[in-house]
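Coordinates in review
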Amino acid sequence: MAEATATRTKVLNYVDGAWVEPKSAEWRDVINPATTETIAQTPMTSAAEVAAAVEAAAAAFRIWRRTPAEDRIQPLFKLKMLLEDHLDELARIITLENGKTFGESKGELRRAIENVEVACGIPTMMQGYNLEDVARGIDEMMIRQPLGVVAAITPFNFPGMIPFWFLPYAIATGNTFVLKPSERVPLTMMRVFELLEQIGLPKGVVNLVNGGKDVVDALLDHPKVRAVSFVGSTPIAKYVYARAGANGKRAQCQGGAKNHVIVLPDADMKMATQIIGDSAFGCAGQRCLAVSVAVTIGEAQSVFRDSITQLAASLKVGNGLDEGVQMGPVITAQSRTRIELLIATGEKEGAKVILDGRNAKIPKLESGNFVKPTILDGVPSTSELTDTEIFGPVLSLIHARNLDEAIDFLERSPYGNQASLFTSSGSAARRFRYEAPAGNIGINIGVAAPMAYFPFTGWKGSFFGDMHAQGRDAIEFYTDKKVVIERWGEEHSRKF
Ligand code: NAD
């Protein structure tokens, strides 16, 4: 089944409960980044065809919002079981189109499933509150109602997980949903929608439209789309937030990142090296929570520099489907070039490339988009590189005199997705938790990815909006509050 899906030449849209081939003029190649083979073609759907998906979702909303919450979650229980049953097959598709290792693909699917499980609690999570006798004989209640048609636009780096930050909550709260995945990795969601077809949702409740900027603009401009969720780079997140706002839509837009980890000399260096190595080089550094700058203090400078370099140099790079491979390729040839140019920028700015992953050649995969783990030592604390998201397997090392100076570096960063500290001091940990200017904090944790029942809380240039993805924020985002104040005179009821 994985084979059949992965080698399908045409990516289709799923609209109003049916697979449709858009009559789009332009088709783009979907490339396996490890081999650079073309594995599919994906359509650039037109605005008119996007509108058909929105209209189908709007029609479905009339029935879906009247479906009891308990009935709305039954298909999600089925979805969880289907995702479990197809985990390996889906993981293989993710690795084929994204490049990450098979184990990493399975890991992101676990996070996807976790969001389905949490959304199954909607009958409790969606409840409002009330108070009798706000005045004599007058009662007041707050109820939550779904918005209508909601849309999500997702990036290439988690083809299986990120759509699930939105889809389960959106439909469980009674909305209908339109998804536009990244045009670079459309196959995973196509297979997921084949599974969604089997769970008994009325037609039009979930819709899939493939494409790029034109699809995004069509969703942002369609008057029947009430809310937009976006995950991607900061410039596009800002653009989507502004255009959605100008059109009166609710928006939550997650952007790029540049995540710092501070390593204190009292840290367990072996553990810190292992965990920070996984954070910086896992998924080839293409995680919005990847650590990309390590700030060392005191003697951590030389100890950590040596241990992380040794670990990074030992990582086996190759095709993510091959046994024993620990790091896959980056997504495109353009990404590889951009990353290599940024390494050169760091070098020009005075950093020393102590591990150089440029011009990587992997046997039998000579044309693949590979950059091997790279470490830049002594990156100046103010430089182009310290403010630029690299989104590749590159770790910059900076030295600070003390925790104050290290936190200062974080203050100056334009991003605030994640910050981590490695220490054995509770007092330093508390201070860091209190002062670090980022939304997701890790203490002796390298990838502080919130579980599905907590919000994913990027700050600064990493997030535009006020309600985040996942957890209770998802319920806030996907519902409107309505307050009802009621008076029913007692006299009439005394007749009975
Ligand atoms: P991207 O911004 O290029 O694309 C994201 C989505 O926007 C895609 O669906 C794409 O088709 C669409 N898009 C691209 N250009 C557009 C344009 N000009 N107008 C309208 N829509 C457009 O991001 P990417 O390269 O797919 O993903 C990597 C980025 O995503 C990194 O910056 C990473 O940090 C970020 N990211 C952030 C989070 C987070 O939670 N903050 C999570 C994952 C990824």
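Everything below is about the structure shown above.
Residues numbered from 1 in each chain as written. Predicted model: local features only at pLDDT ≥ 70, side-chain atom pairs only at ≥ 80, totals over all residues. Heavy atoms only, no water.

1. Observations concerning the overall build of the chain
The secondary structure content of the chain amounts to 18 helices and 22 strands. Its C-alpha atoms give the chain a radius of gyration of 24 Å, near enough to 23 Å, the size a compact globule of 496 residues would have. With the principal axes as the frame, the chain shows a C-alpha extent of 85 × 55 × 40 Å. When the 496 residues of the chain are sorted by exposure, 59% land in the buried category. Considering only contacts within the chain whose residues lie at least 6 apart along the sequence, 73% involve residues at least 24 apart. When the accessible surface of the chain is split by element, carbon and sulfur atoms take 52% of a total near 20,400 Å². The centroid of the 53 positive side-chain charges in the chain is displaced by 2 Å from the centroid of its 57 negative side-chain charges. (Helix = DSSP H or I, 4+ residues; strand = E, 2+ residues; numbered from the N terminus. Rg over C-alpha atoms; globule rule 2.2 N^0.38 Å. Buried < 20%, exposed > 50% of the residue type's maximum accessible area, 1.4 Å probe, protein only. Contact = heavy atoms within 4.5 Å. Areas by Shrake-Rupley, 256 points an atom, 1.4 Å probe, with all protein chains shown as cover. Lys, Arg positive; Asp, Glu negative; His and termini not counted. Charge placed at Lys NZ, Arg CZ, Asp CG, Glu CD.)

2. Considering the pattern of salt bridges
Summed over the entire model, instances satisfying the criterion amount to 29 salt bridges. Among the ionic pairs, K203 bridges to D16, the shortest N-O distance being 4.0 Å. Taken together, the positions of K203 in the loop between α8 (187-196) and β9 (206-208) and D16 in the loop between β1 (13-15) and β2 (18-20) put the pair 187 residues apart, joining distant regions of the chain. With relative accessibility at 57%, the residue K203 sits in the exposed group. Connected through shared salt-bridge partners, E26, R28, K180 and E183 make up one network. (Salt bridge = Lys/Arg side-chain N within 4 Å of Asp/Glu carboxyl O.)

3. Points about the sheet that holds strand β5 (residues 129-135)
Strand order in the open sheet made by the 3 strands is β5-β6-β22, with antiparallel pairing throughout. Looking along the sheet, the strands with just one partner apiece sit at the ends: β5 and β22 (479-487). Along the sheet, successive strands turn relative to each other by an average axial angle of 25°, direction set aside. (Pairing = 2+ DSSP bridges. Axes fitted to C-alpha atoms, helices over the stretch in contact; angles between N-to-C directions.)

4. Considerations on the site of the ligand
Around the ligand lies a shell of 29 residues, among which E183, S233, Q254, G255 and E389 are the nearest. Within the contact set of the ligand, an oxygen atom lies 2.8 Å away from a backbone nitrogen or oxygen of T154. Between the ligand and the protein, one listed contact pairs an oxygen atom with a side-chain N or O atom of R184 at 2.9 Å. Coverage of the ligand by the protein chains reaches 89% of its 840 Å² of free accessible surface. (Near = heavy atom within 4 Å. Polar contact = N/O pair within 3.5 Å; in protein donor to acceptor, adjacent residues only side chain to side chain.)

5. Some details on the environment of R401
Structurally, R401 is set in the loop between β16 (394-400) and α15 (403-412). Judged by its relative accessible area of 67%, R401 falls in the exposed class. In this structure the side chain of R401 is engaged in a polar contact, spanning 2.4 Å, whose partner is the side chain of E405.

6. Here we look at the nonpolar core
Within the largest apolar cluster, 59 residues are counted, with the highest numbers of intra-cluster contacts made by F166, I171, F177, F193, L196 and V206. Ranked by residues supplied to this core, first place goes to helix α5 (residues 102-119) with 6 residues. (Core = buried A, V, L, I, M, F, W, Y, C linked by side-chain atoms within 4.5 Å.)

7. Things to note about the layout of surface pockets
Quantified by volume, the largest pocket comes out at close to 820 Å³. Listing elements by their share of the lining of the largest pocket, those giving two or more residues are α9 (213-221), β10 (225-231), α10 (234-246) and α13 (333-348). For the lining of the largest pocket, the element with the highest residue contribution is α10, accounting for 4 residues. Classifying every residue of the lining of the largest pocket by side-chain character gives 12 nonpolar, 11 polar and 7 charged. A domain split of the lining of the largest pocket shows at least three residues from each of domain 1 (9-255 + 462-483) and domain 2 (259-443). Volume-wise, the second largest pocket comes out at about 300 Å³. Looking at the lining of the second largest pocket residue by residue, the classes come out as 11 nonpolar, 3 polar and 5 charged. Counting residues domain by domain, the lining of the second largest pocket receives three or more from each of domain 1 (9-255 + 462-483) and domain 2 (259-443). (1 Å grid on protein atoms, 1.4 Å probe; cavity = no way out; pocket = protein on both sides within 12 Å on 5 of 7 lines; lining within 4 Å. Points joined across faces, edges and corners; volume = space filled by probe spheres on them. Nonpolar A, V, L, I, M, F, W, Y, C, P; charged D, E, K, R; others polar. Domains from an automatic or database assignment.)

8. Re unusual backbone geometry
One non-glycine residue with positive phi stands out, namely N359, at about 55°. Following the sequence through the fold, N359 ends up in the loop between β14 (352-355) and β15 (374-377). Here N359 falls in the exposed class, since its relative accessible area comes to 63%.

9. A few points about the packing of aromatic side chains
This structure, assessed with the given rule, holds 8 aromatic pairs. A ring pair is formed by W165 and F166, whose centres lie 6.3 Å apart and whose planes are at 75°; its orientation type is edge-to-face. Per residue, the accessibility class of W165 equals that of F166, and both read buried. Ring geometry for Y453 against F454: centres 5.9 Å apart, planes inclined by 50°, an arrangement best described as tilted. Judged by its relative accessible area of 47%, Y453 falls in the partly exposed class. The ring of W27 is capped by K10, whose NZ or CZ atom sits 5.2 Å from the centre of that ring. (Phe/Tyr/Trp six-rings, centres within 6.5 Å; stacked < 30°, edge-to-face > 60°. Lys NZ or Arg CZ within 6 Å of the ring centre and 35° of its normal.)

10. What about a nonpolar patch on the surface?
On the surface, L131, V134, V483 and I485 cluster together into a nonpolar patch covering about 370 Å² of accessible area. Mapped by element, the contributors of at least two residues to the nonpolar patch are β5 and β22. Judged by relative accessible area, which is 54%, L131 ranks as exposed. (Patch = residues over 30% accessible without salt bridge, like charges linked within 9 Å, V, L, I, M, F, W, Y side chains within 5 Å.)

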